[in-house]
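An overview of the molecular structure
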Amino acid sequence: MRLTSITQDRRGYIWLGGMGLYRFDGYRFKVYLHDPTNPNSLGGDKAEVVYCDRQGYIWIGLLGEGLDRLDPTTGTFTHYRHDPRNPTSLSHDEVTAILEDKSGQLWIGTHEGLNRMNRHTGQFARYQHDSDNPATLSNNQVRVLYEDRQGTLWIGTGSEWGQSSVDAGGLNRFEPTTQTFTRYLHQADNPHSLVNNKVRAIHEDRQGRFWVGTYGDGLHTMDRGSGQFTRYPYNELHPERLSRPFLKNKSNREADGVSFIQEDKQGALWIGAYKNGLNQYDPVRRLIKHWEAQPGQLNAFQENGPWAFFTSRDGVHWVTTFDGGLYRIVPTQSTIAFSTVGTTTHAFWQDNQGKFWIGTAKGLMCQDLQSGRVRWFRHDAAQPTSLGADDVREIYQDRQGTIWIGTKGAGLNRYHASTQTFSQYPHSKRSATSLITDNVHVIREDQNGKLWLGTTQGLDEFDPRTGYFIHHQHNPLDSTTLSDNGIPVLLLDHKGALWAGGYFKGGVNRYDQITNSFRRYLPGLRVTGMIEDQHGVIWAGGVGGLFRYDQTNDRFLPAMPNDPNSPVNITSLQLSNDNSLWISDLSGILQYNPGRNVTTRYGRLQGVNGRTMWEFSGYKTPNDQLYFGDRMGYYTFHPTQVKNQVWPAEVVLTDIRVNGQPRLVSFSSLPEGETTTYTKPQLILKHDENELSFAFAYLDYRSPELNRHQFKLENYDQHWHPSGPERTASYSHVPPGTYIFRVKGANNDVPWAEQQLTIVIHPPWWQTVWFRVSALLTGLIVVVLLVRYYTLYKLRRQRADLKRVLQAQEEERQRLAADLHDDLGATLATIKVQMETVPCSEHELRKFVSLMEKAIRDLRLISHNLMPPEFNKLGLTENLREVIRRLEVSDHTKFLFVTFGQERRLEAEAELVIYRIAIELINNALKHAKARTITIQLLFHPEMVSLMVEDDGLGSAAKASIEAGIGLRNVRSRANYLGADLMVDAGHKGTTITLTVPIAQRASTYGS
């Protein structure tokens, strides 16, 4: 599979063209292939050239299928094809070169000339070769397009494939004002012309030199003013000189040409030949470095055909080969120096006499810092005053100026500067006050002048004045003893407290000199370093991470608990003058600033191999120079001179899946012609689309295996999660809501790049707000209707019950009226007649007859009130008028009956109820109010009838007896039955009672 083109888009993805289109994120390739059933897929599978414009679109030149444009935000392709019937279409479907110039115009090179595209109309203006016009393109097979700093467009033409003419091709300069071309061709008799007309590579370097590469031995620079070329031919005798690449073995060389010329950020020139390897030219030293195939070798080219070259924004060089290889060349940053010693370096010390000491596995080295002279001290069995053993593990100078050496195998050694000899303090089985073991790893002096020695068998307290050793060892039955006998780390803090770090069984120990006991911390931690910073904080590091001492609670806490990329396998710990912690671990050297909580890593890219660094070997000189031991030497640097160049890269979501299906998230962009702006994308999902998975990558290609990622689903996760090597995150059964998926990435800890995706999962319709509001409103309406229905039902029942009572009362009144009138009335009339025939005095007779006549009149009035005869025929008004007339005859009270408005009949039942109410009110006025005048008004209004009974009786004095009486309760119940309003107004003199009956309401009520 031949890869022919490389580019990088705005977000940082690497795009490659070949047998298909490929997107690379440093870990995975996403493949775009032609699908004949999908018109939005890639138009063909032979992608000769890939180009990313300033708007973010990916342009693909296809061999045989024209030009395609991919919109990364939608994943769709737009096709531009040659149409023989349309002169404004693409001139040919063999597309070999694409360029966007400074003005934003897109130029397309094909096998049938040059095209300028109008991106608004999709039409093309053609520039083609005309053999009769020397101001046209020199050849129609366009191979390379280039715009120089002056904005001049250059076109390289001619192909070694498919063209029979050897001379076909040439270099062309486009004149935009005249729309013509100036040709630059090979001339056999002109050594300042092109070597060959097949032009494949053009480049202008930072010095303004214009480079042209052709077929054959064709590396040139061009004087654009004169049009002359300077050739740089290959010299067999001086292959280090500037030229195009050739294989070292002449017999293996094949005819080819320059495939690319590119300049990197350091000014080096990269020159490829698609069958003869790759050259890198250093213009400062004027030397060529050559690469060619080394089959089977790791980190080497496996073939000799560099075809395309591209430098990504992080400084990584990408090379594709003619045979389908893809190679990554990562320039190193030599920011941390390494000095080779040839053996393991364990310890360092700069004494107060201007000498620098280095302890190694093969002796002790001493360098005079002024003269630079170096002297080695090694063990000599024949010299008892020589160094006791070559394996030096510790170097320390006490306050008296004495140099002490800790060795493996020869215990403690003391250096005598005057004689340059050593005296030894070995372990002796016969003496309990001798050194506990001959393996001494660390030495520190306390404020009393005693030396504390960390050994492989415990902690020794040594008094140089007496030469005696006191032993402190681990006792498994006593928790106040050392946690471990292997003590490679000691620290005396500013208060004079001694801290000892254990390595075998682990743990940190603090010694209490008063009680001669130890307080244990961090059980199980294999301690490799302890320091005290400028604020008095104790730091401990080891195989397990970095920890910070909390003095308030007397405990150690993780230093970076929320940082998934904090150091774990720490080998050494030092502090620089700016209060930064310098930590060596398996990944290299880290700088940690506790105040800013910032970590900077220096690893393989800076020339540091953390896996070969020696434990406990960190050291800082008085002038802040740092040293870290290694198995073959040591690293040294000054913190202020170390600069780790950080390239800004993006972290991207490479794949999004919902319920297992891929989902494309679009970024919003400005209209064509303006710069694309990527904003926070949004993913809108249904309630059952709640199985989510994300793949992501930090697009720093320098060392992808060291890239770090962490992610968090905001409003779902409580904390950030470190990503594993698969760089994916999955969530199941995510409830409806709004979330933000956040992912961070970094190669170095400064700075973190972040990508966010807003996710909205809509609830099901029965859980939506509008449904809940609608359901609540519906429920309220149903409740209101039920209450209303129940109220109306009760009212109807009450009216029905009242109606039955009233009907029963009326029937009883009719029966009583009939009985009184027909039976009792007739009987009284007979008695009256017979009394008239009884012999007695006329006066007595008249008296009895008068009483009898009054009884008959009262009986008739009662009978009339109970049920007036022909009530339904006469109506309400006439019946009231009749009853008032009768009352005037039988009573001394004065009555006044007034009607107003157009008199009209009401429903018979309503008239009868109003009549009963009027009779009841009149009786109350007569009985309780003791009225002398009673006015009855019957007022007819369009929508109501009012009955007003007014008297001049006792008024409010009689109101209590009226209210307590059964009569007014009957009146109220009848008024309620009619749906009428009843108002009682009792003053000091007289009472007015008003009954208002709505006619329309009564009609509808009766109708129902």
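What you see is a predicted model; the values in this text were computed from it and never measured.

Regarding the overall build of the protein chain
Looking only at helices and strands, one finds seven helices and 69 strands in the protein chain. Each of the 1008 residues in the protein chain was classed as buried or not, and the buried ones make up 50%. Pairs at least 24 residues apart make up 53% of the contacts formed inside the protein chain by residues separated by at least 6 positions. On the protein chain, roughly 48,700 Å² of surface is accessible, and the fraction owed to carbon and sulfur atoms is 51%.

A closer look at the nonpolar core
Ranked by internal contacts, the top residues of the largest apolar core, which has 38 residues, are Leu 947 and Leu 978. Residue contributions to this core peak at 11 residues, all from helix H4 (residues 908-927). Counting 31 residues, the second-largest nonpolar core is a separate cluster that includes Trp 357, Leu 387, Ile 403 and Leu 435.

Topic: the packing of aromatic side chains
For the structure shown, the criterion picks out 72 aromatic pairs. Here Tyr 146 and Phe 210 contribute two aromatic rings whose centre-to-centre distance is 6.3 Å and whose plane-to-plane angle is 70°, an arrangement assigned as edge-to-face. Taken together, the positions of Tyr 146 in strand S13 (residues 142-147) and Phe 210 in strand S18 (residues 210-214) put the pair 64 residues apart, joining distant regions of the chain. Taking the relative accessible area as the measure of exposure, Phe 210 reaches 1% and is therefore buried. A network of ring pairs unites the aromatic residues Phe 348, Trp 349, Phe 356, Tyr 396, Tyr 619, Tyr 627 and Tyr 634 as a single cluster. Of note, Arg 244 hangs over the ring of Phe 246, and the distance from its end group to the ring centre comes to 3.9 Å. The ring of Tyr 27 has Arg 727 sitting right over it, with the charged end atom 3.4 Å from the ring centre.

Side note on the sheet that holds strand S52 (residues 598-602)
The strand order S49-S50-S51-S52 describes an open sheet built from four strands, whose pairing is antiparallel. The outermost strands of the open sheet, each flanked by one partner alone, are strand S49 (570-575) and S52. Adjacent strand axes in the sheet meet at a mean angle of 20°, parallel and antiparallel pairs treated alike. The pairing of strand S50 (residues 581-585) with strand S51 (residues 588-593) spans five bridges and is antiparallel. Each residue of the ladder has a partner; that of Leu 581, found in S51, is Tyr 592.

Points about H4
The end-to-end C-alpha distance of H4 is 28 Å, a good match for the 28 Å that 20 residues give at a rise of 1.5 Å each. In terms of burial, H4 is a largely internal element, 14 of the 20 residues being buried.

Quick word on the confidence of the model for the protein chain
Residues with a pLDDT of 70 or more make up 88% of the protein chain, whose mean pLDDT is 88. A low-confidence stretch, residues 667-678 stays under pLDDT 50, and its non-local contacts, those more than four residues away or across chains, total 29 contacts. A low-confidence stretch, residues 1001-1008 stays under pLDDT 50, and its non-local contacts, those more than four residues away or across chains, total 13 contacts.

Here we look at the pairing of S52
Both faces of the sheet carry side chains from a regular strand, because those side chains alternate between them. With five of its five residues buried, S52 lies for the most part within the structure. Here S52 shows two buried faces, one formed by Val 598, Thr 600 and Tyr 602 and the other by Thr 599 and Arg 601. Bridging between S51 and S52 involves five bridges; their strand directions are antiparallel. Looking at S52, one finds that Asn 593 is bridged to Val 598. Here S51 folds back onto S52 in antiparallel fashion, the turn holding four residues, of which Asn 597 has a positive phi close to 55°.

The rules we used
Residues numbered from 1 in each chain as written. Predicted model: local features only at pLDDT ≥ 70, side-chain atom pairs only at ≥ 80, totals over all residues. Heavy atoms only, no water. Helix = DSSP H or I, 4+ residues; strand = E, 2+ residues; numbered from the N terminus. Buried < 20%, exposed > 50% of the residue type's maximum accessible area, 1.4 Å probe, protein only. Contact = heavy atoms within 4.5 Å. Areas by Shrake-Rupley, 256 points an atom, 1.4 Å probe, with all protein chains shown as cover. Core = buried A, V, L, I, M, F, W, Y, C linked by side-chain atoms within 4.5 Å. Phe/Tyr/Trp six-rings, centres within 6.5 Å; stacked < 30°, edge-to-face > 60°. Lys NZ or Arg CZ within 6 Å of the ring centre and 35° of its normal. Pairing = 2+ DSSP bridges. Axes fitted to C-alpha atoms, helices over the stretch in contact; angles between N-to-C directions. Expected span 1.5 Å × (residues − 1). pLDDT = per-residue confidence, 0-100.

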